[in-house]
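Each chain is listed here by its residues.
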Amino acid sequence: MLEVNALAAGYGKAQALFDIALHVEEGEIVTILGPNGAGKTTLVNSIAGVIRPTSGSVVLDGTDMLSLAPHQISSHGVALVPEGRRIFPRMTVTDNLDIGAYGRQARGDRDRNLSWVHEIFPRLPERAGQEARTLSGGEQQMLAIGRAL
C-alpha cells in the first residue's frame, strides 16, 4: 500500500505541490490527471525520491520512503518510465532490460524477472538481440516498461 500525506514539494522557491494526499491499495490502479503545470510529474518524482519534498510523508508497505535514497526506493519496487522512453538506442533489447536489474536483489532474480517481462511483452524476446533503436515506438515503450519492472 502507498500512502502519501500532506506532501509539499517544489523547485527552489517555486512550490508545486501543496498538502497532497494519496492512498493506493495493493493491486489498485490510480491515474493522476491534470493540465500542464499541475504537479503530476513533481508528485511522481517526489514518490520516487528524485525530488525531496519540503514536508509530508510517503510510506510504501510500512516503509518511510523519504528516509531513503532514490536507489533504495527503487529496490522497494518504485520505478519511473519517463516520457520519451529514454532507452539506450545502440544497446540490444536484452542489454536494456539487464540495466533494469542493477540492484543486488534484482540481479539475483534476473532470470525470473526476465521471464516475467517476456510473458507480459512477448515481442521483446523475439527482438532480444536487436538494437533498441530498431524497434517500433510501441515496442520501445514495452522495453522501457519492462526495464522498469
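You'll find the structure just up there.
The text that follows walks through the structure, step by step, so that each part is easy to find. (Residues numbered from 1 in each chain as written. Predicted model: local features only at pLDDT ≥ 70, side-chain atom pairs only at ≥ 80, totals over all residues. Heavy atoms only, no water.)

## Observations regarding the pairing of strand 2 (residues 14-24)
In this sheet, strand 2 lies alongside strand 1 (residues 2-11) in antiparallel orientation, the contact comprising seven bridges. Paired with Val4 across the bridge in strand 2 is Leu22. In sequence, strand 1 turns back onto strand 2 through a hairpin of two residues, with Gly12 there showing a positive phi of about 65 degrees. (Pairing = 2+ DSSP bridges. Helix = DSSP H or I, 4+ residues; strand = E, 2+ residues; numbered from the N terminus.)

## Here we look at unusual backbone geometry
Positive phi, normally seen in glycine, also occurs at Ala6, with a value near 50 degrees. In this fold, Ala6 is placed in strand 1. For Asp61, which is not glycine, the phi torsion reads 50 degrees and is therefore positive. Along the polypeptide, Asp61 turns up in the loop between strand 3 (55-60) and strand 4 (63-64). For Asp61, a relative accessible area of 59% puts it in the exposed group. (Buried < 20%, exposed > 50% of the residue type's maximum accessible area, 1.4 Å probe, protein only.)

## Some words on the pairing of strand 1
In terms of burial, strand 1 is a largely internal element, seven of the 10 residues being buried. By the bridge criterion, five bridges tie strand 1 to strand 3 in an arrangement that is antiparallel. When the bridges of strand 3 are listed, Leu2 appears paired with Leu60.

## Focus: helix 1 (residues 40-48)
All buried positions along helix 1 are accounted for by Thr42, Leu43, Asn45, Ser46, Ile47 and Ala48. At its buried positions, helix 1 is contacted by strand 1, strand 2, strand 3 and helix 2 (70-74). At the exit of helix 1 stands Gly49, carrying a positive phi of roughly 90 degrees. (Contact = heavy atoms within 4.5 Å.)

## Re the nonpolar core
In this structure, Leu2, Val4, Leu22, Ile47 and Val58 are the most contacted members of the largest nonpolar core, which totals 17 residues. Looking at this core, the elements with two or more residues in it are strand 1, strand 2, helix 1 and strand 3. Examining the composition of this core, we find that four residues originate from one element, strand 1, more than from any other. Discounting residues that sit within four places of it in the chain, Leu22 has contacts with Leu2, Glu3, Val4, Val30, Leu43 and Ile47. Counting residues in hydrophobic clusters, the runner-up holds 11 residues, among them Val93, Phe121, Ala132 and Ala144. (Core = buried A, V, L, I, M, F, W, Y, C linked by side-chain atoms within 4.5 Å.)

These figures come from the coordinates and say nothing about function on their own.
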